[in-house]
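Summary of the model geometry
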Amino acid sequence: MEKDLIEYIAKSLVDDPSAVSVSETEGEKGMVLQLKVAEKDIGKVIGKYGRIAKAMRTVLSASATKDGKRYSLDILD
């Protein structure tokens, strides 16, 4: 569910939604979602001063906490 949430948010923000991909891996402190977008859209996902990325992490954290899980978000370039 969290993977779908991040994918939906990212596709809503970028110009090229077909280039958005989210993969899920196991990390030391829980699951890690890795978000990959087109090179020209990386700024739209991160936002000015990282505000959009921070908001996406906050939403992810709230969603995961509700299910008793722990997630983090990495934005890959």
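You'll find the structure just up there.
A brief report on the enclosed structure follows. Here the residue index of a chain counts from 1 through its sequence in written order. Local features in this predicted model are restricted to residues of pLDDT 70 or higher, and side-chain atom pairs are both shown and tallied only at a pLDDT of 80 or more, whereas totals for entire chains, interfaces and linings draw on every residue. To get the side-chain values, all heavy atoms of the structure are used, and hydrogens and water are removed first.

The subject of this paragraph is the sheet that holds strand S1 (residues 21–27). Across a sheet, strands are paired by hydrogen bonds formed along the backbone, either parallel or antiparallel in direction. When DSSP locates at least two bridges between a pair of strands, those strands are taken to pair. A run of H or I in DSSP becomes a helix once it reaches four residues, and a run of E becomes a strand once it reaches two; helices and strands are each numbered from the N terminus. Within the open sheet, the three strands sit side by side as S1-S2-S3. Their pairing is mixed. Edge strands, defined here as strands with exactly one partner in the open sheet, are S1 and strand S3 (71–76). Each neighbouring strand pair of the sheet contributes to a mean axis angle of 25°, computed without reference to strand direction. Whether two residues touch is decided by their heavy atoms; if any such pair falls within 4.5 Å, the residues are in contact. To obtain an axis, a line is fitted to C-alpha atoms, over the contacting stretch when the element is a helix, and the angle between two such axes runs from 0 to 180 degrees between their N-to-C directions. Packed on one face of the sheet, helix H1 (residues 2–13) meets S1, strand S2 (30–36) and S3 and runs near 25° to S2.

Taken together, the seven bridges between S1 and S2 define a ladder with antiparallel strand orientation. Bridging from a neighbouring strand, Thr-25 pairs with Val-32 of S2. Between S1 and S2, which pair antiparallel one after the other, the connecting turn spans two residues. Judged from the six bridges that link them, S2 and S3 form a sheet pairing that is parallel. Residue pairing for S3: Gln-34 is matched across the bridge by Asp-74.

Turning our eyes to something else, we now look at the nonpolar core. Burial of nonpolar side chains together is a common tendency in soluble globular proteins. Grouping buried Ala, Val, Leu, Ile, Met, Phe, Trp, Tyr and Cys residues that are joined through side-chain atoms within 4.5 Å yields what is termed a nonpolar core. Throughout this description, buried means an accessible area under 20% of the type-specific maximum (1.4 Å probe, protein chains only), exposed means over 50%, and partly exposed covers the range between. Within the largest apolar cluster, 16 residues are counted, with the highest numbers of intra-cluster contacts made by Ile-6, Leu-33, Leu-35, Val-45, Met-56 and Leu-73. Those elements that place two or more of their residues in this core are H1, S2, helix H3 (51–66) and S3. Of all the elements, H3 adds the most residues to this core, at four residues. Once you skip the residues sitting within four places of it in the chain, Val-45 turns out to touch Leu-13, Val-14, Leu-35, Val-37, Ile-52, Ala-53, Met-56 and Ile-75.

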